[in-house]
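# A structural walkthrough
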Amino acid sequence: MCERGLYLRKAIDTYVQQQAFFHLEISQQEWKRVEFLLDILEPFKRCNDRMEGTKRPGIEKVFWVYETLFNEIDRLVEAMDNVIGRDSQWIRELLPAFQAMRAKLTKYYDKTATPFVYGDGMILDPRLKLYLTKQPQWSGGDEGEYSTAGYSAACRKRYCERYEKLPTGLAPSITPTTSQKRPHSAIDDDDFEQMVNSLPADGTTNEYDTYIAAPRVSDKRPLLDIWQTYSATSFPHLGFMARDVFAVPATGAGVERQFSRSGKVETKLRAQLDPVTTAETMMYVDMLKRKNRAIGKAEIVIDGGKGQTETPEDEPPAEWRNDWFKFRKNKKTVL
């Protein structure tokens, strides 16, 4: 509501003046207050939308999202300290709300220390790895369980215990050859083989060490596509671990969304549907979406089949939203 109001600000002011609704006129100071409220809510909305997506992994973004939100709260509190004039009292009344927000974030952030999937998801993102834990503001410090070395050692241990010895599948088939040369297995070269077997092992002894030692990638492809390439070439065992970690949803939004969708399948006119039919219908629709053959919204009839269709509400353009928020973040004062 705040965002749409700001986007239509000129239209709203013009309409109020033309219709002589002077008692409804929004002053310049009140518009600034609306901007500040949107400034508070926008980062949380962005992080919420980012984490509720279910078409791609999100567990690797959890630590980064928390850091982003904490930084936004610090930015707004610092901006509030610079407020002077008649708005200073109004703006400082919001300080308890910011304190409550930080307390709530800290409560949930502390829970990430216990489950290992958050740390593993961060490390197994080839674009990220241990980068966040090496930043000065990382709360885990330089030593201990939640430091860079602590997270890496715990992830490596789980890899060695659960995935390193898993079979990677059948051996590749050998194409028959018509060459008259002797096959490699028929060559008697025991001395060379003994020499190779006697060589000392390298420092990086498994896929995890090689993966961590390799530089971070700058790949814009979806994370699962990156790991599909990795699993087929360099890290087949580590790919098993990535598959399990990234199957964990970052939030329960996907499950809740499925319950909401079931309500559109089982309408009042289809109240006798068997649960199996409902589940199969929902899976069929999801399959069509994955194959880019989704049913058009004009074909989705709702409201008891009275001919009404589900249409999205008009929203401000994404370009306007991004430009507005970048400008706000660069401002030193909020009012």
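Note that this is a predicted model, so its numbers are computed, not measured.

An α-helical turn contains 3.6 residues, so a residue and the one three or four places further along point in the same direction. Taking 1.5 Å per residue as the helical rise, helix α3 (residues 28-52) with its 25 residues ought to reach 36 Å, and the 35 Å between its terminal C-alpha atoms agrees with that figure. Along its length, α3 shows its largest kink, about 30 degrees, at L41, and proline P43 lies within four residues downstream of that point. Among the residues making up α3, those that are buried are Q29, W31, E35, F36, L38, D39, I40, E42, P43, C47 and M51.

Within the largest apolar cluster, 44 residues are counted, with the highest numbers of intra-cluster contacts made by L124, Y211, W227, L238, M241 and F246. Counting residues per element, the ones that place at least two in this core are α3, α4 (62-81), α6 (95-110), α7 (117-123), α8 (148-162), α10 (207-213), α11 (223-233) and α12 (236-245). No other element matches the nine residues that α4 contributes to this core. Apart from residues lying up to four places away in sequence, F246 is in contact with P57, I59, E60, G121, L124, D125, L223, L224 and W227. Counting six residues, the second-largest nonpolar core is a separate cluster that includes C2, L6, W31 and W324.

Applying the stated rule across the entire model yields 13 aromatic pairs. For the ring pair F63 and W138, a centre distance of 5.4 Å and an interplane angle of 70 degrees mean the geometry is edge-to-face. Separated by 75 residues along the polypeptide, F63 in helix α4 and W138 in the loop between α7 and α8 bring together distant segments of the chain. Judged by its relative accessible area of 10%, W138 falls in the buried class. Aromatic side chains Y211 and F235 sit 5.7 Å apart centroid to centroid with 85 degrees between the ring planes, which places their arrangement in the edge-to-face category.

Counted according to the given criterion, the structure contains 12 salt bridges. In this structure, E35 and R9 form a salt bridge, with 3.9 Å as the shortest nitrogen-oxygen distance. Of this pair, E35 sits in helix α3 while R9 sits in helix α2 (residues 9-18), placing them 26 residues apart in sequence. Pair check on accessibility: E35 and R9 agree, each one buried. Here the salt bridges share partners, and the residues they tie into one network are D39, E72 and R75.

It is worth spelling out the confidence of the model for the protein at this point. The pLDDT averaged across the protein works out to 78; a share of 79% of its residues lies at or above 70. Counting contacts from residues 170-182, a segment whose pLDDT is below 50, to residues more than four positions away or on other chains yields one contact. Between residues 298-312, whose pLDDT stays under 50, and residues either more than four places distant or in other chains, the model counts 18 contacts.

Glancing now at helix α14 (residues 275-290). Here α14 is 16 residues long and its end C-alpha atoms lie 23 Å apart, about the 22 Å a rise of 1.5 Å per residue gives. Packing partners of the buried residues in α14 comprise α13 (253-265). The N-capping residue of α14, defined by a side-chain oxygen 2.8 Å from the backbone nitrogen of V276, is D274. Just past α14, the residue N292 takes up positive phi, approximately 55 degrees.

Turning to the packing of α2 against α3, a few remarks are in order. One can describe the packing of α2 onto α3 by two numbers: an axis separation of 13 Å at closest approach and a directional angle of 150 degrees. Relative to α3, the element α2 is oriented roughly antiparallel. The interaxial crossing formed by α2 with α3 has right-handed handedness. Contact residues: R9, I12 and D13 in α2; Q28, W31 and E35 in α3. Considered class by class, the residues forming the contact of α2 with α3 number two nonpolar, one polar and three charged.

Within the fold, T251 resides in the loop between α12 and α13. The spatial distance from the C-alpha of T251 to the C-alpha of V62 is 9.8 Å, given a sequence separation of 189 residues. In this structure T251 touches M51 and E52, once residues within four positions along its chain are discounted.

Our focus in this paragraph is the side chain of E207. Within the fold, E207 resides in helix α10. Among buried charged residues, E207 stands out as having no salt bridge; its nearest opposite-charge side chain is R156, 12 Å away. Within the structure, the side chain of E207 is placed 2.9 Å from the backbone nitrogen of L238, a separation counted as a polar contact. Those residues in contact with E207 that lie beyond four places of it in its chain are Y159, S234, F235, P236, H237 and L238.

This part covers the packing of α13 against α14. Packed helix pairs are specified by the crossing angle of their axes together with the interaxial distance, meaning the distance between the axes. The contact between α13 and α14 brings their axes to 10 Å, and the two run at 110 degrees. In terms of axis orientation, α13 runs roughly perpendicular to α14. Where α13 abuts α14, its residues Q258, R261, S262 and V265 lie against T278, T281, M282, D286 and K289. A class-by-class count of the residues in the contact of α13 with α14 yields two nonpolar, four polar and three charged.

Rules and cut-offs
- Residues numbered from 1 in each chain as written.
- Predicted model: local features only at pLDDT ≥ 70, side-chain atom pairs only at ≥ 80, totals over all residues.
- Heavy atoms only, no water.
- Helix = DSSP H or I, 4+ residues; strand = E, 2+ residues; numbered from the N terminus.
- Expected span 1.5 Å × (residues − 1).
- Bend = angle between axes of the 7 residues up to and from the residue.
- Buried < 20%, exposed > 50% of the residue type's maximum accessible area, 1.4 Å probe, protein only.
- Core = buried A, V, L, I, M, F, W, Y, C linked by side-chain atoms within 4.5 Å.
- Contact = heavy atoms within 4.5 Å.
- Phe/Tyr/Trp six-rings, centres within 6.5 Å; stacked < 30°, edge-to-face > 60°.
- Salt bridge = Lys/Arg side-chain N within 4 Å of Asp/Glu carboxyl O.
- pLDDT = per-residue confidence, 0-100.
- Polar contact = N/O pair within 3.5 Å; in protein donor to acceptor, adjacent residues only side chain to side chain.
- Axes fitted to C-alpha atoms, helices over the stretch in contact; angles between N-to-C directions.
- Parallel < 35°, antiparallel > 145°, perpendicular 65-115°, else oblique.
- Left-handed = near helix turned anticlockwise from the far one by under 90°.
- Nonpolar A, V, L, I, M, F, W, Y, C, P; charged D, E, K, R; others polar.
- Lys, Arg positive; Asp, Glu negative; His and termini not counted.

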